[in-house]
Amino acid sequence: MRIYHAKDYADMSRKAANIVSAQVIMKPNCVLGLATGSTPIGLYKQLVEWFKKGDLDFSEVMTVNLDEYKGLSRENDQSYYYFMHQNLFDQVNIPVENTHLPNGMEPDSQKECKRYTELIQSLGGVDLQLLGIGHNGHIGFNEPGESFDKQVHCVDLTESTIEANKRFFASADDVPKQAYTMGIKTIMQAKKILIIASGEDKAEIVHKAFFGPITPQVPASVLQLHNDVTLVADEAALSSL
Ligand code: GLP
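Please read these numbers as outputs of a predicted model, since none were measured by experiment.

Calculation criteria
Residues numbered from 1 in each chain as written. Predicted model: local features only at pLDDT ≥ 70, side-chain atom pairs only at ≥ 80, totals over all residues. Heavy atoms only, no water. Phe/Tyr/Trp six-rings, centres within 6.5 Å; stacked < 30°, edge-to-face > 60°. Helix = DSSP H or I, 4+ residues; strand = E, 2+ residues; numbered from the N terminus. Buried < 20%, exposed > 50% of the residue type's maximum accessible area, 1.4 Å probe, protein only. Near = heavy atom within 4 Å. Polar contact = N/O pair within 3.5 Å; in protein donor to acceptor, adjacent residues only side chain to side chain. Pairing = 2+ DSSP bridges. Axes fitted to C-alpha atoms, helices over the stretch in contact; angles between N-to-C directions. Contact = heavy atoms within 4.5 Å. Disulfide = S-S within 2.5 Å.

## Some words on the packing of aromatic side chains
- This structure, assessed with the given rule, holds six aromatic pairs.
- Here the aromatic rings of Tyr69 and Tyr80 are separated by 4.9 Å at their centres, their planes lie at 40°, and the arrangement is tilted. Here Tyr69 is found in strand β4 (residues 67-69), whereas its partner Tyr80 is found in helix α3 (residues 80-87), with 11 residues between them in sequence.
- Classification of Tyr69 as buried rests on a relative accessible area of 2%.
- Under the relative-accessibility criterion, Tyr80 is labelled buried at 10%.
- What links up through ring pairs into an aromatic cluster is the set Tyr69, Tyr80, Phe141 and Phe169.

## Describing the site of the ligand
- For the ligand, the set of nearby residues contains 13 residues, the closest of which are Ser38, Thr39, Asp67, His138 and Lys202.
- Here Lys202 contributes a side-chain N or O atom positioned 2.6 Å from an oxygen atom of the ligand.

## A short note on the sheet that holds β4
- Strand order in the open sheet made by the three strands is β4-β8-β7, with antiparallel pairing throughout. Of all the strands in the sheet, the pair left with one neighbour each is β4 and β7 (153-156). Here the strands of the sheet are splayed against their neighbours by 25° on average, with no regard to which way each runs.

## Looking at the side chain of Asp67
- In this structure, Asp67 sits in strand β4.
- For Asp67, the residues in contact, after removing those within four places along its chain, are Thr36, Tyr80, Leu101, Pro102, Gly140, Phe141, Tyr180 and Thr181.

## Structural notes on the state of the cysteines
- A complete count under the given rule lists zero disulfides for this structure.
- The structure places no disulfide on Cys154, whose sulfur is separated from the nearest cysteine sulfur, that of Cys113, by 6.1 Å.

In short, shape yes, function no, at least from these values alone.
What follows is the structure in structure tokens.
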């Protein structure tokens with residue numbers, strides 16, 4: 001695993017964006033696995049800036065997102081569909097048909113998980129998977145205790161994730177209780193993984209995930225077994241190392 005030390009959030013965002021843009025430049029028709037949350041917002045902003053300068057071309061890029069809340073429509077401003085359009089897709093030249101997320105409005109979990117797993121396979125797998133990390137070590141929405149051998153599946157969100165995400169909703173009661181997510185197995189099948197972390201509140205979990213035991217209790221710890229992982233984190237997030 002490579003660790004890039006960034007000064008602060010802006011530096012982390014630029015360093016991580018450099019890695020994503022290198023991927024797009026080296027393989028213009030690559031498959032990017034994308035993530036949501038507050039951490040990647042600066043990275044997406046940087047990619048948009050470079051696109052506007054003429055340094056990046058997304059016309060052949062394909063994307064698959066990690067996860068989506070079950071029960072939120074595309075129009076809901078808390079859906080990951082909305083987030084991705086707002087922060088990236090609508091601001092660059094990626095054809096909308098090249099962008100993919102789980103369909104949060106599909107009530108049949110089995111059907112949707114099968115569709116999304118097959119879709120990722122039909123694209124030839126993910127070249128570069130971007131990840132954030134939850135305070136309990138979740139990646140995508142793979143919560144502690146989740147087995148390492150799952151493909152796309154539907155999860156019940158833990159109290160701590162609902163608590164962490166309620167800042168985006170009117171109240172904790174409005175946070176969806178379930179989500180569709182790529183499983184750990186799906187994530188581990190990506191050729192390269194880029195994980196980003198920022199802020200002191202992530203320091204303890206970053207330490208546990210990358211220097212602690214590999215255990216389903218800390219889902220991100222499985223990344224220690226992947227042969228091409230890059231962690232880009234700022235000083236605060238690396239302060240427990
Ligand atoms: C969310 C997302 C994850 C994200 C994580 C951390 O619940 N499902 O993909 O990495 O939590 O979010 P943040 O970057 O806002 O700390």
